[in-house]
Amino acid sequence: MRAAALFWLLLVLAAALYLGWRLHEGLRFRTDLLALLPREAQDADAQHANDVVTAALSRQVMIMVGGPDRDQTRAAATAIAAALTQPKLMELTTDSFGKDRLRRIGELYFPYRRGLLSAQDRQSLLEGKPEAVSLRALSQIYGLVGMADAKLLQRDPYLLLPDFLTHLPVPLSRLSLDDGLLALRDGGDYWILLAGQITGDPYALAFQAAFGDALDDAVAAQRQAHADLQVLRLGAVFFAKAGAEQAMGETSTIGLVSVLGTVLLVLAIFRAVRPLGLTLVAIGTGVLVSLSACLLLFGELHVLALLFGVSLIGVAVDYSLQYLSEIFALEGGAPRERLRRVWLGITLATATVAIGYLTMFLAPFPGLHQIAALAAIGLAASWATVMLWLPALDHSRRPRHGERVLSWAGAFLGWWLRPRSPWWGWGGAALLLLIAVGGWVRFHPDDDVRRMQSLSGPLMAEQDRIQQLTGATGGTQFFLVEAADDESALQTEEALIDRLGPLLAEGALAGFQAPAQYVPSAARQRQNRELVHRELDGPLLAQHLGQLGLDQLEPPPAEDAAFLTLDQAVAKEGALGFLGSLLLTGGKGALHVVKLDGVARPDALAGAAQGLAGVRLIDPAGDFSQLLAKYRHRALGLLALSAALMTPLLIWRYGWKTAPRVIAPPLLAVLLAPALRAWFGASFTFFDGMALVLVLSVGVDYSIFLAETSAQRQRVTMLAVAMAAATALLSFGLLALSSVQAVHAFGTTMLIGILLAFLFSPLARTARPRPEPSR
């Protein structure tokens, strides 16, 4: 035993050194809720597209700087932009809307103008109405804001290219170019948009701090000179930073309250410092070893995993309390003797709880793997500490107030032992049945991942204001177009665009961006050239030139000239470099993205893709919600699996007849906890299901402790179980106060489930271990 204790000491020291080194190097935490969820998609291409688009969206940042004075606002926006771009925290995209870029766009498109038609011009020519095109051009030329000069008219008399450019998608419809910056007037204020991509991981705490500090310092400096300056922010990095600060704050609060509550409870019961010290040794060792092991296994931790891990305190303390409570037993005994009386129960309980946690590994949720590892390793470390160290460190004697403390536990146990009419039993069963049936009638699942996050209210208000100012609608849904090559993909997109047009008019979506809108397929460009030649180059041209007062034209490009390609459009330093975000690489052929804005009717969009080969509607939030629904069902399967894995252990120990009495209390808690939540209108989520797995494990603990004790020592064991339940409620139950819906659901179910498991635990007192075979 001494050698084992020394070996365990060396392991704990090694874990402490590793944790210290990681703390010195700087821990890295993940903060996005979606990182907790499994990476499962219909196929690799959809997953790849999802990753690329999600990563691009998560790095986008919009900052709007506003004020009553144009020059002051421009100066402030320029200074804020410099504070973010000079340390390379952000790359602006709105600083490239200068005249040079417009010139390069013109140079890119102009040689191919006869193959580029707006949807309206193309439809007119297809319907044999070339006069409509001529009339539209004349209106533009002779209108109040005539937009053509003689040189342009000699090369493009129908203004086909200007009309094509005018109808290209413009997501930020209310903004216009003002001396190189995108700006707008709203009421008495002048607003400048700074938009771009951050250069770091939006969910890394270190980058969040660096970016947030740089922006806050720059804004504070500008507000010293311009007190009425307004700054609005929109981007995943801002929401992630606010969420991380909230989660870390809750972690600190819950951890502090849990530890303080446990300390006060131990001091109140034992009225001595030594039991408190031994309890803290068991808790501290469990937390230290589990943190070190998980950092070694995973490299980093999610803040929500850390938040759940804090609740480990409430379970790790169970085994030390079970051992320490033996000091109240009348038979007393040396520390080794007291450990001998409870070691089997503690070991069996550790095994069953570990089974509950380890079943989480069967769900492919990365965050749950971290939680499961944190809990299972921590429990095992606490168990080893109780077995190997506590008897050697313990020199306690039976306290004088022991009988009074036992009388408290005996009062609760006595309620169960009191003789009653059989009608009490039937009445109690009927009441539980009523609660269960009533709750399950009100039972309703909810798998929407968007309702499981807690978003900052002020940031949501800023987001709404930016969308109101700019006309941006946002959105994460998109179509994925998969084809053998770019030409086939562009042709498919053109068919899809024809279907999206009516949906746009109906309000099913606010807008979309497809590569084919900027670069039509070669087939479409060829067809457009033929339309122009057939409908516009005939007798109508002479009449049109006459109305323009022109007598000759510059010769048009040859009909067999090359067509505009995507490669030319997205070439480095090209005028349409942003198209690169819509063209994915890594697939077997071409993978294009059609971004959607302001989706109001996802069902209508899904219908638009039907019948188009290679086109799929990707909805990351919807897909994650469907995945949560699938794994909510699997969580219930894990619950059944946990019970099935525990049962052989219980049958081995207690036999066929009395093993059901051990598992009945936690099963009642598992059935009634969601029913009680449903009575109050709460929905059932995947996280409720995983909480029930733990309720079963922790509840079996309590039952085993009571089944292992003799009738003479039931008060001592009941005291230990009551203390264990109190510490579990202090840790798991406090999670119910979290503002993160997923954590709140988990904590509430644990709170109700553990309380019920404790209240029903005396039912297991009548189970008796099988007699040991005589030697």
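Above this text you will find the structure in question.
Since we're looking at a predicted model, the values are computed, not measured. (Residues numbered from 1 in each chain as written. Predicted model: local features only at pLDDT ≥ 70, side-chain atom pairs only at ≥ 80, totals over all residues. Heavy atoms only, no water.)

Draft legend 1. Representation of the overall build of the chain. Looking only at helices and strands, one finds 29 helices and 13 strands in the chain. Within the chain, counting contacts between residues at least 6 apart in sequence, those at least 24 apart form 83% of the total. Within the structure as shown, the chain displays about 34,200 Å² of accessible surface, and the carbon and sulfur contribution to it stands at 62%. (Helix = DSSP H or I, 4+ residues; strand = E, 2+ residues; numbered from the N terminus. Contact = heavy atoms within 4.5 Å. Areas by Shrake-Rupley, 256 points an atom, 1.4 Å probe, with all protein chains shown as cover.)

Draft legend 2. View of the side chain of Arg-653. Relative to the elements of secondary structure, Arg-653 occurs in helix α26 (residues 620-679). Every residue in contact with Arg-653, bar those within four places of it in the chain, is listed here: Leu-344, Leu-348, Glu-708, Arg-768, Pro-769 and Arg-770.

Draft legend 3. The pattern of salt bridges, seen in detail. This model, assessed by the stated rule, comprises 20 salt bridges. In this structure, the salt-bridge partner of Glu-462 is Arg-233, at a minimum N-O distance of 3.3 Å. Here Arg-233 lies in strand β7 (residues 230-235) and Glu-462 lies in helix α19 (residues 457-470), a separation of 229 residues in the sequence. The class for Glu-462 is buried, based on a relative accessible area of 14%. (Salt bridge = Lys/Arg side-chain N within 4 Å of Asp/Glu carboxyl O. Buried < 20%, exposed > 50% of the residue type's maximum accessible area, 1.4 Å probe, protein only.)

Draft legend 4. The pairing of strand β12 (residues 590-597), seen in detail. Counting buried positions over the eight residues of β12 gives seven, a clear majority of the element. Here strand β9 (residues 478-483) pairs with β12 via six bridges, running antiparallel. Residue Ala-483 lies in a different strand from β12, and its bridge partner there is Ala-590. Pairing geometry for strand β10 (residues 511-513) and β12, over three bridges, is antiparallel. From the neighbouring strand, Phe-512 faces β12, where its bridge partner is Leu-596. Bridge count for strand β11 (residues 583-584) against β12 is two bridges, and the pairing is antiparallel. From the neighbouring strand, Leu-583 faces β12, where its bridge partner is His-592. (Pairing = 2+ DSSP bridges.)

Draft legend 5. Examining the packing of aromatic side chains more closely. For the coordinates displayed, the defined rule picks out 11 aromatic pairs. Taking the centre distance of 5.5 Å and the plane angle of 85° together, the rings of Trp-415 and Trp-416 count as edge-to-face. (Phe/Tyr/Trp six-rings, centres within 6.5 Å; stacked < 30°, edge-to-face > 60°.)

Draft legend 6. A look at the packing of helix α20 (residues 486-506) against helix α22 (residues 522-536). Contact pair α20 / α22: the axes reach a minimum separation of 8 Å and the direction vectors enclose 65°. The pairing of α20 with α22 is recorded here as roughly perpendicular in orientation. Residues Glu-487, Gln-491, Glu-494 and Asp-498 of α20 form the contact with α22, whose participating residues are Ala-522, Ala-523 and Arg-524. Of the residues that constitute the contact of α20 with α22, the class distribution is two nonpolar, one polar and four charged. (Axes fitted to C-alpha atoms, helices over the stretch in contact; angles between N-to-C directions. Parallel < 35°, antiparallel > 145°, perpendicular 65-115°, else oblique. Nonpolar A, V, L, I, M, F, W, Y, C, P; charged D, E, K, R; others polar.)

Draft legend 7. Layout of the nonpolar core. Membership of the largest hydrophobic core comes to 111 residues, with the highest contact counts inside it found for Phe-270, Tyr-357, Tyr-702 and Phe-732. Here this core gets 20 residues from one element, more than from any other, and that element is α26. Shared between two domains, this core takes at least three residues from each, and those domains are domain 1 (1-30 + 271-399) and domain 3 (402-462 + 620-770). Those residues in contact with Tyr-357 that sit more than four places away from it in its chain are Val-315, Ala-372, Ala-375, Ala-376, Leu-379, Leu-694, Ser-697 and Phe-732. Counting 46 residues, the second-largest nonpolar core is a separate cluster that includes Leu-480, Val-481, Leu-509 and Leu-596. (Core = buried A, V, L, I, M, F, W, Y, C linked by side-chain atoms within 4.5 Å. Domains from an automatic or database assignment.)

Draft legend 8. How the structure looks around helix α27 (residues 686-708). A rise of 1.5 Å per residue sets the reference length of α27, with its 23 residues, at 33 Å; its end C-alpha atoms lie 34 Å apart and thus fit the reference within 8%. Counting buried residues in α27 gives 23 out of 23 residues, a clear majority hidden from the surface. Put simply, Thr-685 is the residue that caps the front of α27, since its side-chain oxygen is 3.2 Å from the backbone nitrogen of Phe-687. (Expected span 1.5 Å × (residues − 1). Polar contact = N/O pair within 3.5 Å; in protein donor to acceptor, adjacent residues only side chain to side chain.)

Draft legend 9. Up close: the layout of surface pockets. Estimates place the volume of the second largest pocket at around 490 Å³. Lining the second largest pocket are 17 residues; nearest its centre among them are Trp-415, Trp-416, Gly-428, Leu-432 and Phe-760. Secondary structure elements with two or more residues in the lining of the second largest pocket: α17 (402-417), α18 (422-442), α26 and α29 (741-760). It is α18 that contributes the most residues to the lining of the second largest pocket, seven residues altogether. Within the lining of the second largest pocket, the residues separate by chemical class into 14 nonpolar, two polar and one charged. (1 Å grid on protein atoms, 1.4 Å probe; cavity = no way out; pocket = protein on both sides within 12 Å on 5 of 7 lines; lining within 4 Å. Points joined across faces, edges and corners; volume = space filled by probe spheres on them.)

Draft legend 10. Expanded view of the environment of Gly-607. In this fold, Gly-607 is placed in helix α25 (residues 602-608). With 108 residues separating them in the primary sequence, Gly-607 and Arg-499 have C-alpha atoms 9.5 Å apart.

Draft legend 11. Spotlight on the packing of helix α6 (residues 130-142) against helix α23 (residues 539-548). Viewed as axis vectors pointing N to C, α6 and α23 meet at an angle of 15°, and their least axial separation amounts to 11 Å. Compared by their axis directions, α6 and α23 come out roughly parallel. Two packed elements cross with a definite hand, and for α6 against α23 that hand is right-handed. Touching Pro-130, Glu-131, Ser-134, Ala-137, Leu-138, Ile-141 and Tyr-142 of α6 are Leu-540, His-544, Gln-547 and Leu-548, all from α23. (Left-handed = near helix turned anticlockwise from the far one by under 90°.)

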